[in-house]
Amino acid sequence: PQGCPGAGPYPGGPGAPYGHPPGGAAPPGEYIHAPPPPTLHPQIQPGPERNRSPVRADGALPVPPSPTGCAPPGVDPEAFAWFQAVDADGSGHISVRELKQALLNSNWTAFDDDTCLLMINTFDRTRSGRIDVYGFSALLRFIQQWRNLFQQFDRDRSGSISFSELQQAFSQLGYNLSPQFSQLLLARYAPRSPDPSIQLDRFIHICMQLQSTTEAFREKDTALLGNVRLSYEDFLTMVVTRML
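Residues numbered from 1 in each chain as written. Predicted model: local features only at pLDDT ≥ 70, side-chain atom pairs only at ≥ 80, totals over all residues. Heavy atoms only, no water.

S.K.: Run through the overall build of the protein, naming residues and quoting values.
M.R.: A tally of helices and strands in the protein yields eight helices and four strands. In the protein, the succession of α and β elements from N to C terminus is β-α-α-β-α-α-β-α-α-β-α-α. For the protein, with 244 residues in total, the buried portion stands at 47%. Across the protein, contacts joining residues at least 24 apart in sequence account for 59% of those joining residues at least 6 apart. Of the accessible surface of the protein, which amounts to about 11900 Å², a share of 55% is contributed by carbon and sulfur atoms. (Helix = DSSP H or I, 4+ residues; strand = E, 2+ residues; numbered from the N terminus. Buried < 20%, exposed > 50% of the residue type's maximum accessible area, 1.4 Å probe, protein only. Contact = heavy atoms within 4.5 Å. Areas by Shrake-Rupley, 256 points an atom, 1.4 Å probe, with all protein chains shown as cover.)

S.K.: Tell me about the UniProt feature "domain: EF-hand" (unreviewed entry) in the protein, and please be specific about residues and values.
M.R.: The UniProt record annotates "domain: EF-hand" (unreviewed entry) at residues 74-109 and 141-176. End C-alpha to end C-alpha, residues 74-109 measures 32 Å, and it is 47% helix and 6% strand. Counting secondary structure, residues 141-176 comes out at 67% helix and 6% strand; the distance between its end C-alpha atoms is 27 Å. (UniProt positions renumbered as here; feature names shortened; annotations may be inferred.)

S.K.: How would you summarise helix H1 (residues 77-86) if you had to cite specific residues and measurements?
M.R.: In terms of burial, H1 is largely enclosed, as seven of its 10 residues are buried. Measuring from the backbone nitrogen of Glu78 back to the side-chain oxygen at the start of H1 gives 3.0 Å, which picks out Asp76 as the cap. (Polar contact = N/O pair within 3.5 Å; in protein donor to acceptor, adjacent residues only side chain to side chain.)

S.K.: Go over a nonpolar patch on the surface with me, naming the residues and quoting the values.
M.R.: The grouping of Leu230, Tyr232, Phe235 and Leu236 at the surface amounts to a nonpolar patch, some 400 Å² of accessible area in total. Relative to the helices and strands, Tyr232 is located in helix H8 (residues 232-243). Judged by its relative accessible area of 63%, Tyr232 is exposed. (Patch = residues over 30% accessible without salt bridge, like charges linked within 9 Å, V, L, I, M, F, W, Y side chains within 5 Å. Salt bridge = Lys/Arg side-chain N within 4 Å of Asp/Glu carboxyl O.)

S.K.: Residues and numbers for the pattern of salt bridges, please.
M.R.: On inspection of all chains with the given rule, the structure shows three salt bridges. With its nearest N and O atoms 3.0 Å apart, the salt bridge here joins Asp113 to Lys100. One end of the pair, Asp113, is in helix H3 (residues 113-123); the other, Lys100, is in helix H2 (residues 96-102), with 13 residues separating them in the sequence. Asp113 sits in the partly exposed class, given a relative accessible area of 44%.

S.K.: Tell me about the packing of H3 against helix H7 (residues 200-220), and name the residues and values.
M.R.: Running from amino to carboxyl end, H3 crosses H7 at an angle of 50°, the nearest separation of the two axes being 9 Å. The pairing of H3 with H7 is recorded here as oblique in orientation. Here H3 and H7 pass one another in a crossing that is left-handed. In contact with Asp114, Thr115, Leu118, Met119 and Thr122 of H3, H7 contributes Asp201, Arg202, Ile204, His205, Met208 and Gln209. A class-by-class count of the residues in the contact of H3 with H7 yields four nonpolar, four polar and three charged. (Axes fitted to C-alpha atoms, helices over the stretch in contact; angles between N-to-C directions. Parallel < 35°, antiparallel > 145°, perpendicular 65-115°, else oblique. Left-handed = near helix turned anticlockwise from the far one by under 90°. Nonpolar A, V, L, I, M, F, W, Y, C, P; charged D, E, K, R; others polar.)

S.K.: Describe helix H5 (residues 163-173), naming the residues involved and giving the relevant values.
M.R.: Among the residues of H5, Glu165, Leu166, Gln167, Ala169, Phe170 and Leu173 are the ones counted as buried. At its buried positions, H5 is contacted by helix H4 (133-153), strand E3 (161-162), helix H6 (179-189), strand E4 (197-198) and H7. Looking one or two places after H5, you find Gly174, whose phi comes out positive at around 100°.

S.K.: Would you mind going over the nonpolar core in detail, with residue names and values included?
M.R.: In this structure, Met119, Phe142, Ile198, Phe203 and Ile204 are the most contacted members of the largest nonpolar core, which totals 48 residues. Sorting the residues of this core by element identifies H1, H2, H3, H4, H5, H6 and H7 as the ones contributing at least two each. Contact partners of Ile198, with chain neighbours within four places excluded, come to Phe150, Ser160, Ile161, Leu166, Leu186, Tyr189, Ala190, Phe203 and Ile206. (Core = buried A, V, L, I, M, F, W, Y, C linked by side-chain atoms within 4.5 Å.)

S.K.: Can you break down the environment of Ser128 residue by residue, with the values?
M.R.: You can see Ser128 is positioned in the loop between H3 and H4. Put simply, Ser128 and Ser95 are 33 residues apart on the chain and 9.5 Å apart in space, counted from C-alpha to C-alpha. Within the structure, the side chain of Ser128 is placed 3.1 Å from the side chain of Thr126, a separation counted as a polar contact.

S.K.: Could you give an account of the side chain of Ser137, with specific residues and numbers?
M.R.: Inspection of the secondary structure assignment puts Ser137 in helix H4. Non-local contacts of Ser137, meaning those with residues more than four positions away in its chain, are made with Val75, Asp76 and Ala79.

S.K.: An account of the confidence of the model for the protein is needed here, citing residue identities and associated values.
M.R.: Per-residue pLDDT for the protein has a mean of 78; in total, 72% of the residues score no lower than 70. Low pLDDT, under 50, characterises residues 20-42; the stretch is placed with 100 contacts to residues that sit more than four places away or in other chains. Low pLDDT (under 50) marks residues 46-61, which in the prediction has 32 contacts with non-local residues, meaning those over four places away or in another chain. (pLDDT = per-residue confidence, 0-100.)

S.K.: Quick rundown of unusual backbone geometry? Include the residues and the values.
M.R.: Of note, the phi angle at Arg157 is positive, near 55°, even though the residue is not glycine. Given the relative accessible area of 61%, Arg157 is considered exposed.

What follows is the structure in structure tokens.
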């Protein structure tokens, strides 16, 4: 199994309740979360070489370490090399802790724990809390796509997404959301600041959960009206299954 192939438009257009955010498919298998769109070679800091720069000044990946052995069928050799570098304990799987140690934002902060857990759960085909080389290979492409979008929406090239940039991002992704909702997200996910903004990890987290909960809502909103009647338990079930 490989990657996040394909993208399907959501029903409706820009004037519909949900617009048409990009969609994607993860490798075959059982998943805890339905994965949303895009992919990336993140800024990776290889396990055995913590002191080397994880990314060149032009944003490209450094040359990956030389792999030990041949890549499994269907796995890109470069992804396999990074998998071996990130798999610090040599278990043949990547844990949340190992993934967190490997991913950096543009300000050199480590990826948020919750984001790493969400991504591991997305590509964890066995519900073991870890991903194998196939899941890791797909995850690299997934993050690269998200970073491409992040850089597209980061119009001032600051390395973070501001309020106005987040509003524009939601609009271009097809979500019809109020400025008040964007402010709420920044208050929840951005460090406290007079001019709050979010790094790549939080951007991925927000977009993944937004798509997941939108999909859950659309299952109830069969007429695509943008509103539904839910019992209290239905609401809690939606939150528990899609956001936790």
